[in-house]
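Next come the chains, spelled out residue by residue.
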Amino acid sequence: MVGVVFGVLGPTVAFAGDGDGRELALKGPRHRAVLARLIVARRRVVPVARLVEDLWTEPPAGAVGAVQTFVAALRRALEPDRPPRTPARLLVTDGPGYALRAAPDTVDAWRFEAALAGAADLPAPAALSTLEEALGWWRGPAYAEFAGEDWSRAERARLAELRLQAVERRAETLLVLGRPADAVPDLDAHLTDHPWRENAWRLLALALYRQHRQGDALAVLRRARTVLANQLGVDPSPHLRHLQSDILTHAPHLDHPSQPAPDNPPQPPLTQGRGELRAQPSRPALDDQAQPSLTQGRGELRTHPSRPALDDQAQPPLTQGRGERRTQPSQPAPDNPPQPPLTQGRGELRAHPSRPALDDQAQPSLTQGRGERRTQPSQPAPDTATDGTAQLWTQAAAAYHRTVAGGARTRLHSTIGLLRNLAVTGGAGLAEARRHRTAAIAAAEEFADPELTARVIGAYDVPAIWTRADDPTAAAHIVAAAERTLEALPPGTPAHAPARCRLLATIALETRGATGRRGPEAAREAETLARRLDDPALLAFALNGTFMQSCTRAGLAPRRDAIGAELVELSARHGLVTYEVLGHLIRLQARAALGDLDEADHHAATADRLAERHELPLVGVFTEWYGALRLSATGQLAAAEEAYRAAATRLEGAGMPGLERGLLPLALLCLRVTHGHPVDPAPEPEPGQGPRPDWGPYRPWAEPFTLLEAGRRTEARTALSALPEPSHDLLYEACCALEAEAARRLGDRAALERARDRLRPAAAELAGAGSGLLTLGPVERYLTDRR
């Protein structure tokens, strides 16, 4: 039937063929699995018993009936206008099973195969157009959502091999047309993913030679020899050896644009993954810990896109695209010194894997991005520098967009690096980074490659200082994706240990404030792995996760102080600037909780100095709030209130709702409760609304006070009795102290003892000061009876 077009070069979809191109609703994953299984059969009948075996590992009772239900639903979706009780024309019943009688030109995979075969008989310009159009039909790995199914494995591998051949034939056609420069970027990226394809090495070397880059062409052939020998234990084919000799002697036939390709040399055994072909397990890919990447050259070592982790300490974001000028054999270093990375400012790399910025989910970033470069009054930034930076950015972005294919996995790598930088450019950037981060993870999962997904999730190693999520829904999605990826990674594989560590640290960070066991467990596992791997940046990331899970009860300020001290020492030794700042802020919080305000002052001043030196403007948000806390702790009520209101203005538009919501009202409440001043009474609630929506998540602990102040004592007791256990975050002790004080004022002995039991481990601390933001004075006052 011509009315429906099917797509399997990516996730399985169906579109109406009536001109509007709308996607048809195929319902659930098993409906799509039935459709995909029938497309794999290529118009042949698939028995119902076989469908049952393919759909379920252990078929449930009634599996046959379920398959019939799936088929009926698919028929309604594919032929909505078919009259009742008339035979289906597309998804038909035939003998013991079903068949999809789709026309050859209605399935993108079948059209791709036909286009590839037809291009061989076309003139070079027409062949190039045909190949480029056919490659553009790929939306991801073939049958992407069924990568782990036995029934899809052979077809996915076959289609992936055809795609690789199409990429190489396109490059060869460009050489025939005399366009070697256009062939190089895609061949380079192609070999990064598929280093065992000798014909691609041949084409890349030839393309470079035809650009009068003999040295680079020979370097490519040397790389090919090294890869084939070290990884596969084989020598290059005669074609590559002869090409090396011809380049050395400047053989005349190499300059002939129409030089025919030799027969494709035999490829090593391949297996399926992500809809593409990779080396068999017996021929492992390059180890991310010890091997130079295939794009290494002249001092640059890049992480291979098929490796599981981005844990090396020298890889700035935006250096992974195949369209960028890299200092490597296929793209030699220019005579002029290289431009600084796009994320550079005052000589410092920002949001670099070894110097991450604060996490976008719960943290203000500690670093300043391109859009927020501060200019000291005494040292104005020259306009020429600003113009030059803007021009560099525009040119690099345009080159990247022009040379890197839209659906390339390389773009995902660059995207997550760019988002690390975007998160530190201010409130708008933080919100955008948060939104696009979840989209990037979803895009990575569509490739059905757990290693790729692990890299995308784990590469966002931005340090986190606040223990409440900005976007709990997004955090839950990230945790779910990380858990799925952990489960999909082969266990016990040393090469995957860095990726597993990053995923576990991500889970620990994104479950901050939760009361379950998973967050602390993930933090412990990540820290153990990081210490075993002896990677400073990885350990800093894992310690950040440990810090996020260090609020599971009251009285843990000494533990957080130790974490901060290790972060400061580790980061100072290894140049992890933003983690060093994070360590000082953690110690500021912990020393304030322990009543050591002089030491807290020292860490605040050190954090401010580092922030000034490295352009980390949002550090001042925390140190300014600490200044207000200090005024409160030393009994300066009026000055503290003024300082709190001023500090709150720093949070407006900063993109940190998890920190900002309800914080100023809570701080003022704590200030007044601590010093015995009246609190603002609760107004009469409007129908359907609570009394004080601006309290945010702290409203339950504020209501007993505001209701009591308004003379609504019964309602205040009801609100007190309904209090939950506080979130496991840095304001845990503050909420427990408020509960104790409310219970004391209302004479509720049971609630008072409940709050005291929670507070008792922190008896030697200042209540709430562990947040670095506010305090209710010594915890001891809430543990003793007062009149």
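Residue positions are given per chain, counting from 1 as you read along its sequence in written order. For a predicted model such as this one, the threshold for reporting local features is a pLDDT of at least 70, and the threshold for listing and counting side-chain atom pairs is 80 or more; totals across whole chains, interfaces and linings nevertheless cover every residue. Side-chain measures were taken over the full set of non-hydrogen atoms in the model, leaving aside hydrogen atoms and water.

With respect to the overall build of the protein
The helix and strand labels rest on DSSP assignments: H or I over at least four residues marks a helix, E over at least two residues marks a strand, and numbering proceeds from the N terminus. When you go through the protein residue by residue, the secondary structure sums to 30 helices and 9 strands. Note on contacts: a residue pair qualifies if any of its non-hydrogen atoms lie within 4.5 Å across the two residues. The contacts of the protein with a sequence gap of at least 6 include a subset with a gap of at least 24, amounting to 68%. Element-wise, carbon and sulfur atoms account for 53% of the exposed surface of the protein, whose accessible area totals about 32000 Å². Note on areas: Shrake-Rupley with a 1.4 Å probe; residue coverage comes only from the protein chains shown.

Focus on the sheet that holds strand E3 (residues 46-47)
Taken together, 3 strands build an open sheet; the order of strands is E3-E5-E4 and the sheet is antiparallel. Here the strands that pair on one side only, and so sit at the sheet edges, are E3 and strand E4 (91-94). We treat two strands as partners when DSSP finds at least two bridges between them. Bridge count between E4 and strand E5 (residues 97-100): 4 bridges; the pairing is antiparallel. When the bridges of E5 are listed, Thr93 appears paired with Tyr98. Orientation is described by lines fitted to C-alpha atoms, with helices fitted over the stretch in contact, and by angles between N-to-C directions that extend from 0 to 180 degrees. In this fold helix H1 (residues 29-40) packs onto E3, E4 and E5, with an angle of close to 75 degrees to the strand it touches most, E5.

Concerning the environment of Leu51
If you trace the backbone, Leu51 turns up in helix H2 (residues 48-55). For Leu51 and Gly97, which are 46 residues apart along the polypeptide, the C-alpha to C-alpha distance reads 8.5 Å.

Things to note about H1
A helix's residues, less one, multiplied by 1.5 Å, set its expected span. Between its first and last C-alpha, H1 extends 16 Å over 12 residues, near the 16 Å set by a 1.5 Å rise per residue. Most of H1 sits out of view: 10 of its 12 residues are buried. The buried label applies to any residue whose accessible area, calculated with a 1.4 Å probe on protein chains only, is under 20% of its type's maximum; exposed applies above 50%, and partly exposed to all values in between.

Describing the pattern of salt bridges
The salt bridge definition used is simple: a Lys or Arg side-chain nitrogen within 4 Å of an Asp or Glu carboxyl oxygen. This structure, assessed with the given rule, holds 46 salt bridges. Residue Glu113 pairs with Arg158 through a salt bridge whose shortest N-O separation is 3.0 Å. One end of the pair, Glu113, is in helix H4 (residues 108-119); the other, Arg158, is in helix H6 (residues 150-176), and 45 residues separate them in sequence. Taking the relative accessible area as the measure of exposure, Arg158 reaches 30% and is therefore partly exposed. For Arg518, the salt bridge goes to Glu525, with nearest N and O atoms at 3.5 Å. Note on Arg518: relative accessible area 27%, which makes it partly exposed. According to the relative accessible area criterion, Glu525 is partly exposed, its value standing at 40%. One network of salt bridges, with partners in common, ties together Arg42, Glu113, Glu155 and Arg158.

Digging into the pairing of E5
The two faces of the sheet receive side chains in turn, since in a regular strand these alternate between them. On E5, burial covers both faces: Gly97 and Ala99 on one face and Tyr98 and Leu100 on the other are all buried. Bridge analysis of E3 against E5 gives 2 bridges, and the strand direction is antiparallel. Paired with Pro47 across the strands is Gly97, a residue of E5.

Points about the side chain of Asp470
Positionally, Asp470 belongs in the loop between helix H14 (450-458) and helix H15 (472-488). Judged by relative accessible area, Asp470 falls into the buried class, the value being 10%. From its side chain, Asp470 meets the backbone nitrogen of Gly658 in a polar contact 2.6 Å long. In the analysis that follows, any N or O atom pair within 3.5 Å is treated as a polar contact, provided that within protein one partner can donate a hydrogen and the other can accept it, and provided that, for residues neighboring in sequence, both atoms belong to side chains.

Focus: the nonpolar core
Where a protein is soluble and globular, its nonpolar side chains tend to be buried together. Definition used in this section: a nonpolar core is a set of buried Ala, Val, Leu, Ile, Met, Phe, Trp, Tyr and Cys residues joined via side-chain atoms within 4.5 Å. Membership of the largest hydrophobic core comes to 128 residues, with the highest contact counts inside it found for Trp625, Tyr644, Leu738, Leu774 and Leu776. Ranked by residue count, the leading element in this core is helix H28 (residues 732-746), at 10 residues. Not counting the four nearest positions on each side in its chain, Tyr644 is found in contact with Trp625, Ala628, Leu629, Ser632, Leu664, Ala667, Leu668, Leu671, Leu773, Leu774 and Thr775. One finds Leu9, Trp56, Leu91 and Phe112 within the second-largest nonpolar core, a separate group that totals 53 residues.

What to know about the packing of helix H20 (residues 577-593) against helix H21 (residues 597-614)
For the pair H20 and H21, interaxial distance at closest approach is 8 Å and the crossing angle is 160 degrees. In terms of their interaxial angle, H20 and H21 are classed as roughly antiparallel. Between H20 and H21 lies a crossing whose hand is left-handed. Judged by residue contacts, Val577, Glu580, Val581, His584, Leu585, Arg587, Leu588, Arg591 and Ala592 of H20 engage Leu597, Glu599, Ala600, His603, Ala604, Thr606, Ala607, Leu610 and His614 from H21. Following the grouping adopted for this structure description, the nonpolar residues are Ala, Val, Leu, Ile, Met, Phe, Trp, Tyr, Cys and Pro, the charged ones are Asp, Glu, Lys and Arg, and the polar ones are all others, Gly among them. Its residues placed into classes, the contact of H20 with H21 shows 10 nonpolar, 4 polar and 4 charged. Put simply, angles under 35 degrees are roughly parallel, angles over 145 are roughly antiparallel, angles from 65 to 115 are roughly perpendicular, and the rest are oblique. Note on convention: near helix rotated counterclockwise from far helix by under a right angle means a left-handed crossing. Clockwise means right-handed.

A short note on the packing of aromatic side chains
What characterises a pair of aromatic rings is the spacing of the ring centres plus the angle enclosed by the ring planes. Aromatic pairing here means that ring centres of Phe, Tyr or Trp (its six-membered ring) are within 6.5 Å. Orientation follows from the plane angle: under 30 degrees is stacked, over 60 is edge-to-face, and everything else is tilted. If you walk through the whole model with that rule in mind, you get 4 aromatic pairs. When the ring of Phe112 is compared with that of Trp138, the centres are 5.5 Å apart and the planes differ by 85 degrees; the resulting orientation is edge-to-face. One end of the pair, Phe112, is in helix H4; the other, Trp138, is in the loop between helix H5 (124-135) and H6, and 26 residues separate them in sequence. We classify Phe112 as buried; its relative accessible area is 1%. For the pair Trp625 and Tyr644, a centre-to-centre distance of 5.4 Å together with 50 degrees between the ring planes defines the contact as tilted. Placement of Trp625 in helix H22 (residues 619-633) and of Tyr644 in helix H23 (residues 637-649) is noted, with a sequence separation of 19 residues between them. Each of the two residues, Trp625 as well as Tyr644, counts as buried. Here, a charge over a ring is recorded when the distance from Lys NZ or Arg CZ to the ring centre is within 6 Å and its angle to the ring normal is within 35 degrees. Geometry around Trp138 places Arg163 over its ring, the cationic atom sitting 5.8 Å from the centre.

Comments concerning the state of the cysteines
Note that a disulfide, as used here, is simply two cysteine sulfur atoms within 2.5 Å. If you walk through the whole model with that rule in mind, you get 0 disulfides. In this structure Cys736 is a free cysteine whose sulfur lies 7.1 Å from that of Cys735, the closest cysteine sulfur available. On the basis of relative accessible area, Cys736 is assigned to the buried category, the value being 0%.

Comments concerning the confidence of the model for the protein
One number per residue, pLDDT, summarises how confident the predictor is, and it ranges from 0 to 100. Per-residue pLDDT for the protein averages 80, and the proportion of residues at 70 or more is 77%. Overall, residues 258-382 carries pLDDT values under 50, and its contacts beyond four positions in sequence, including any with other chains, amount to 387 contacts. Low pLDDT, under 50, characterises residues 684-693; the predicted model gives this stretch 12 contacts beyond four residues in sequence or across chains.

With respect to unusual backbone geometry
Its identity is not glycine, yet His250 carries a phi of approximately 55 degrees, on the positive side. With respect to the helices, strands and loops of the structure, His250 is situated in the loop between helix H10 (238-248) and strand E6 (270-273). Its relative accessible area of 46% is what places His250 among the partly exposed residues. Here Asp534, not a glycine, exhibits a phi torsion of approximately 55 degrees, which is positive.

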